[in-house]
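The primary structure of each chain is shown beneath.
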There are 2 protein chains.
Amino acid sequence: MKLATRTRYGLRAAIELAKNYGNGPLQIKLIGKNQGISVKYLEQIIAMLKNGGIVRSLRGARGGYVLAREPEKIGLDEIVLALEGSISTVECVENESLCARAADCVARQVWTKVQDAMIDVLKSMTLKDMVDKAQNHNKLTYQI
Amino acid sequence: MKLATRTRYGLRAAIELAKNYGNGPLQIKLIGKNQGISVKYLEQIIAMLKNGGIVRSLRGARGGYVLAREPEKIGLDEIVLALEGSISTVECVENESLCARAADCVARQVWTKVQDAMIDVLKSMTLKDMVDKAQNHNKLTYQI
DNA sequence: CATTATTCCTACTGTATTGGTGGTATATTA
DNA sequence: TAATATACCACCAATACAGTAGGAATAATG
């Protein structure tokens, strides 16, 4: 059940970008420094966020990354989706055709319920919510 | 986010044992055959269920495995716990001391909520519920 | 135009996990 | 004691993960 490190890092990076929203691009170097994450590794992780349509990049000097949309329009489910590839406990939940008995498999029903519960929680939160929460502690408090 | 195969297999094996509850021990060989799972692999998986106090073993001829308690007293959370080691998305959720900022980390709050949602769902179901559901389809319908 | 800052791309590496196999020891029963 | 079945232990191949490395492409700046 453990999340990949890249998912944890990726969320933290996204929150940094959300905090910086409206103030121009933020460089990976800075995010990595603030968060204590290998800059080279973060590079790959943010590329996933880019592919997922969460962030946009600005190349060249003074470039960096910005959120692709307003923080209140980015659900955490989108972020996890971009980083994990899918928010899914078991393949057959998404793809019935993987198993002949999928349609009335009780184990599958369990994993579907678990998965739906996770997705609901993630969908209920946006990057804006994260920034607001962090603001209350008025520091970079989202470090894992 | 994907579950390990052993967790899926383990749940299915536990459901088989629940279905057989009251009819004496069930052999791994049989479960593996019914479920299309490598008997040798299943051996290891059921050993985890045993360590977790979910099943008891009976050695020797006519031996096999039985549930350690009535199916209605075994929550699915216990089964996942036995197989995954912990029902946890991130280490720091369980163990605050892993990160100095854990106490007011917003990312950690996210993963805590996700994890709690999963645990709630699993806790809400017992092996008995699984047997009852499967009965409605009156076959081995829990195959993944 | 040269320099600098930054993203982008691709490949490599060590480690751990996963999924699975094989063999032997041990206990129980008939 | 022979047959059955679990228990235990060691091994193996494939994959994923986390991180490193080097350089190419691109944009801004002086």
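The structure we're discussing is the one just above.
Residues numbered from 1 in each chain as written. Chains lettered and ligands numbered in written order. Predicted model: local features only at pLDDT ≥ 70, side-chain atom pairs only at ≥ 80, totals over all residues. Heavy atoms only, no water.

Visitor: Hey, could you run me through the overall build of chain A in this one?
Guide: Counting its secondary structure elements, chain A contains seven helices and two strands. Sequence-ordered secondary structure for chain A, helices as α and strands as β, is α-α-α-β-β-α-α-α-α. Based on the C-alpha atoms only, the size of chain A along its principal axes is roughly 55 × 35 × 25 Å. Residues classed as buried in chain A amount to 51% of the 144 residues present. Across chain A, contacts joining residues at least 24 apart in sequence account for 63% of those joining residues at least 6 apart. On chain A, roughly 6,800 Å² of surface is accessible, and the fraction owed to carbon and sulfur atoms is 47%. Each charge sign in chain A was given a centre, from 21 positive and 15 negative side chains, and these centres are 10 Å apart. (Helix = DSSP H or I, 4+ residues; strand = E, 2+ residues; numbered from the N terminus. Buried < 20%, exposed > 50% of the residue type's maximum accessible area, 1.4 Å probe, protein only. Contact = heavy atoms within 4.5 Å. Areas by Shrake-Rupley, 256 points an atom, 1.4 Å probe, with all protein chains shown as cover. Lys, Arg positive; Asp, Glu negative; His and termini not counted. Charge placed at Lys NZ, Arg CZ, Asp CG, Glu CD.)

Visitor: Honestly, the packing of aromatic side chains in this entry has me stumped. Any pointers?
Guide: Aromatic rings considered in pairs are described by the distance between their centres and by the relative angle of their planes. All names here are of chain A. Taken as a whole, this structure holds two aromatic pairs over all chains when the rule is applied. Summarising the aromatic geometry, the rings of Tyr-9 and Tyr-41 are spaced 6.0 Å apart at their centres and angled 80° between planes, so their arrangement reads as edge-to-face. Taken together, the positions of Tyr-9 in helix α1 (residues 5–19) and Tyr-41 in helix α3 (residues 39–51) put the pair 32 residues apart, joining distant regions of the chain. (Phe/Tyr/Trp six-rings, centres within 6.5 Å; stacked < 30°, edge-to-face > 60°.)

Visitor: Just checking my understanding: could you explain the relation of the copies chain B and chain A for this structure?
Guide: Relating one copy of the chain to the other requires a rotation about an axis plus a shift along that axis. With an RMSD of 0.1 Å, chain B superimposes on chain A once it is rotated by 180° and translated 0.0 Å along the axis. Taken together, these values place the two copies in the relation of a two-fold axis. Of the interface residues in chain B, 100% have counterparts in chain A that sit at the interface too, so the contact is made through matching surfaces. (Least-squares fit on C-alpha atoms with pLDDT ≥ 70 in both.)

Visitor: How do you make sense of the interface of chain B and chain A when you look at a structure like this?
Guide: When the parts of a complex come together, some accessible area is lost, and that lost area is often used as the size of the interface. In this assembly, 44 residues from chain B lie in contact with 44 residues from chain A. Summed over both sides, the interface between chain B and chain A buries roughly 4,200 Å², with carbon and sulfur atoms accounting for 71% of that surface. Along the contact surface separating chain B from chain A lie zero salt bridges. Between chain B and chain A we count ten residue pairs in polar contact (both at pLDDT 80 or more) in total. Taken together, the residues that form the side of chain B that touches chain A break down as 26 nonpolar, eight polar and ten charged. (Buried area = accessible area lost by both parts, 1.4 Å probe. Salt bridge = Lys/Arg side-chain N within 4 Å of Asp/Glu carboxyl O. Polar contact = N/O pair within 3.5 Å; in protein donor to acceptor, adjacent residues only side chain to side chain. Nonpolar A, V, L, I, M, F, W, Y, C, P; charged D, E, K, R; others polar.)

Visitor: Help me understand the protein's contact with DNA strand D in this model?
Guide: Close to DNA strand D lie 24 residues, the nearest being Thr-5, Lys-40 and Gln-44 of chain A together with Ser-57 and Tyr-65 of chain B. Within 4 Å of the protein, the contacting atoms of DNA strand D are drawn from sugar and phosphate to the extent of 65%. Within the side chain of Glu-43 of chain B, an N or O atom sits 2.6 Å from a base nitrogen of DNA strand D. Between DNA strand D and Arg-59 of chain B, the relevant distance is 3.2 Å, taken from a base oxygen to a side-chain nitrogen or oxygen of the residue. Residue assignment for the surface near DNA strand D shows that the elements contributing at least two residues are α1 and α3 of chain A together with α3 (39–51), β1 (55–58) and β2 (64–67) of chain B. (Near = heavy atom within 4 Å.)

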